[in-house]
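Breakdown of the fold
Residue-level listing of the chains:
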Amino acid sequence: MTITDPVATPARAADPAAEERPWQPTATYPQRPEDGGHTRLERFIDAMITMGQTGQVFGEHGIGKTSTFLSYIPEHYPDTEVVLVPAANLTPDDLLVNAPVRDAATGGLALRQLIMRQLRPGRRFVLLIDDSLQAGDTIQSQLMQVACNWTLGEHDLRELGCVGVFLTDNESLAETSARRSDLAVLDRMVTIRITANDTAWRYKLAERYPAWDLTEVFRIWAGLGPHLRHLMSPRTLQHVLDCAEAGFPLRWGLPLLNGARMELSEPTSKGEPGPDRTDEILDRLAAAVGAANPDSVPDPVRSVLRAAVRNRWAVLLQGPPGCGKTEITKQVVREETGRPPVYFSLPVTNMEDLCVPVPSPDGTLDVLLTRSLLGPEPKVLVWDEYNRPKDKATFAKLMEVTQEWTLAGRPIENLRAQVALQNPPYHLGRKLMVSANNVAQASRFTVSYEVLPEDIPANQWLIDTYGETAEVVLEWWKNDIDDEGRDWVTKRTLERLIKLHLVDQPLETGLIYLGEGEYAPIPLSGLEARLAGRRQVGIRELAADVDGWEARLAAAARAADEGTNDTDTVHQVFANAEVSQLRDHLDVVARLLRHLPPKLRATYLVGQTPEKQRVWVEAFAKVAELAKRG
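Structural notes, computed from the coordinates. The shown structure was predicted, so the numbers you read here are calculated from the model rather than taken from an experiment.

A packed helix pair is summarised by two numbers, namely the angle formed by the two axes and the spacing between the axes. The interhelical angle for the contact between helix H11 (residues 300-311) and helix H12 (residues 325-337), taken along N-to-C directions, is 45°, at an axis separation of 10 Å. With respect to H12, the axis of H11 lies oblique. Along this stretch, H11 crosses H12, giving a crossing that reads as right-handed. Note on element contacts: H12 touches H11 through Ile-328, Thr-329, Gln-331, Val-332, Glu-335, Glu-336 and Thr-337, opposite Val-301, Arg-302, Leu-305, Arg-306, Val-309 and Arg-310. Each residue belonging to the contact of H11 with H12 can be placed in one class, and the counts come to 5 nonpolar, 3 polar and 5 charged.

Put into structure tokens, the structure is as follows:
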């Protein structure tokens, strides 16, 4: 039997059924709904608080269970705080610990049970235990006491101001570690199973995009089958719409599940994957809000990182080893915030590197955050090697940070963005030692982008750092080896080759070593020849004989509309040149450019970074000047 103290009932302005939700007209809901906007979960919250009963809420991931508590209770119980405790990352000492304290009566030391500070907020509170089934066995025992009696150790939560206890989770065994089967526990709770139709996610999305009429979006979503609605949860739908608003491809809002982009397909009656409907569904959603759904955007990695900082997003970048993910992330964060990111490498990060529980003078158990997470300065968290965590406990902590933007229940001040960096499960036919994930974990990121080596402008950095030697090595990388060879020779490998040449060491030792005396299968004779000064055609060679090359191109243009081999050689040099190389030889580029076929010239302005487009615009302007001179 549960005894409810009437004094503990929080103040409300009116009867729950009659009270209206604070309303802001939007394009989707210009008028208040007839039911006042109240949902089944909200009515359940009201009832449990009034009854003084523990409420247990089950529902699929991403349907708005937690966010409903965090938004509804402050709105309708203004004197009440929500204390969110993510159970998945709790350790036995987080909630309760015995510590020696000085006894006021005797002056000696005595053991005292210290309770976590969040459970003594100094005002009425509702305790929300999120992901309650994902806690370990010891934590489950502590949560049983909380759920059954609203007590923890020697502490009565009602005396501390608790007016409601709720446990939430997804029952799917793919996402939880256990199911409650103890009747002594189950007999103490009121349990409700909900779907996306029982939360306020539609109203919240309408508030997030007030200028968009999302009626057709909701109609498209409701018309999907149950499996597709499970994949395209309201959380994922929000990410897709965020991408649409930012002008990104909508598929970037779909999570990367075990390294692969999640497909929107219904299983057949035999359990096999059905037709992939991803493009169809995303195109319909884009049309519904009047947004484009491009295949890509210029400079995609920088664009994603800048959008993350400006919109307070958590984003995931997945790319092969050595492609430059980490360095470009650090560079963009410095540009956007003026400070380096707060960097953690997961293989060497313990839970104690993030936070530890410590006794405090007021007799509570406080949480001490690492120094880099404190202070008012703008912060961007970078989780490198995200899918190579040192242990499950640390990874569980990240679930709270990436979803709730808190750590052990404490907000991280001025946290502007989070960037997770990881490798795919396979690269060049070899399995990498990375961990798997499920859709609930994967869907925490607003954007999940698969980085290609060409997405990151590391070539210009190599030239700026190592000069002419880097130009020679890059000419070899672009022109002398095939696509598979370039996959083996990452930007990190290129830098090693440059450094080895500068100290006169064998280049082969800079390739990836595969064991048993075997290196990556890349022929180096062409590179050695270039570095030895044997003649190869690059932009420097064009500049050294610009009159001769101009005469060859003019003759090629007269011989055929599409030119000759000389035309192809110059076009390949221009297409592979870096911005600094084009700018340094802009007059040469303009002289030769005017003799290239129009369809080749058009390619220099399509799909380029804004910086490279500006250089080509200047080059075409010089071509126009040369034409006027005759």
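So much for the structure itself; the text now carries on.
Once that is clear, we can look at a negative patch on the surface. Together, Glu-263, Asp-276, Asp-279, Asp-283 and Asp-295 make up a region of like negative charge exposed at the surface. With respect to the element layout, Asp-283 can be found in helix H10 (residues 278-289). Given the relative accessible area of 43%, Asp-283 is considered partly exposed.

Let us now look at the sheet that holds strand E9 (residues 189-193). Strand order in the open sheet made by the 5 strands is E2-E5-E8-E1-E9, with parallel pairing throughout. Bordering the open sheet on either side are strand E2 (80-86) and E9, each of which pairs with just one other strand. Averaged over all neighbouring strand pairs, the angle between strand axes comes to 20°, with direction disregarded. As paired strands, E2 and strand E5 (residues 124-130) are joined by 7 bridges and run parallel to one another. Each bridged residue has a counterpart across the sheet, and for Pro-86 the counterpart in E5 is Asp-130. Here helix H1 (residues 40-51) sits on the sheet in contact with strand E1 (54-58), E5, strand E8 (162-169) and E9, set at roughly 160° to E1.

Moving on, we get to unusual backbone geometry. In this model, Asp-299 sits at a positive phi of 50°, which is unusual for a non-glycine residue. Looking at the secondary structure, you find Asp-299 in the loop between H10 and H11. The class for Asp-299 is buried, based on a relative accessible area of 14%. Phi is positive for Arg-312, which is not a glycine, with a value near 60°. Mapped onto the elements of the fold, Arg-312 is located in the loop between H11 and strand E12 (314-318).

Classification of Arg-312 by relative accessible area gives partly exposed; the value is 45%. Sequence separation of Arg-312 and Leu-415 is 103 residues, and the distance between their C-alpha atoms is 7.8 Å. With near-sequence residues (within four places) excluded, Arg-312 lies in contact with Ala-307, Trp-405, Leu-415 and Arg-416.

Before going further, it helps to examine the environment of Pro-321. Tracing the backbone through its elements, the reader meets Pro-321 in the loop between E12 and H12. Along the chain, Pro-321 and Asp-131 lie 190 residues apart, while their C-alpha atoms are 33 Å from each other. In contact with Pro-321, other than residues within four places in its own chain, are Asn-423, His-427, Leu-432, Thr-490 and Arg-492.

Criteria and thresholds
Residues numbered from 1 in each chain as written. Predicted model: local features only at pLDDT ≥ 70, side-chain atom pairs only at ≥ 80, totals over all residues. Heavy atoms only, no water. Axes fitted to C-alpha atoms, helices over the stretch in contact; angles between N-to-C directions. Helix = DSSP H or I, 4+ residues; strand = E, 2+ residues; numbered from the N terminus. Parallel < 35°, antiparallel > 145°, perpendicular 65-115°, else oblique. Left-handed = near helix turned anticlockwise from the far one by under 90°. Contact = heavy atoms within 4.5 Å. Nonpolar A, V, L, I, M, F, W, Y, C, P; charged D, E, K, R; others polar. Patch = residues over 30% accessible without salt bridge, like charges linked within 9 Å, V, L, I, M, F, W, Y side chains within 5 Å. Areas by Shrake-Rupley, 256 points an atom, 1.4 Å probe, with all protein chains shown as cover. Salt bridge = Lys/Arg side-chain N within 4 Å of Asp/Glu carboxyl O. Lys, Arg positive; Asp, Glu negative; His and termini not counted. Charge placed at Lys NZ, Arg CZ, Asp CG, Glu CD. Buried < 20%, exposed > 50% of the residue type's maximum accessible area, 1.4 Å probe, protein only. Pairing = 2+ DSSP bridges.

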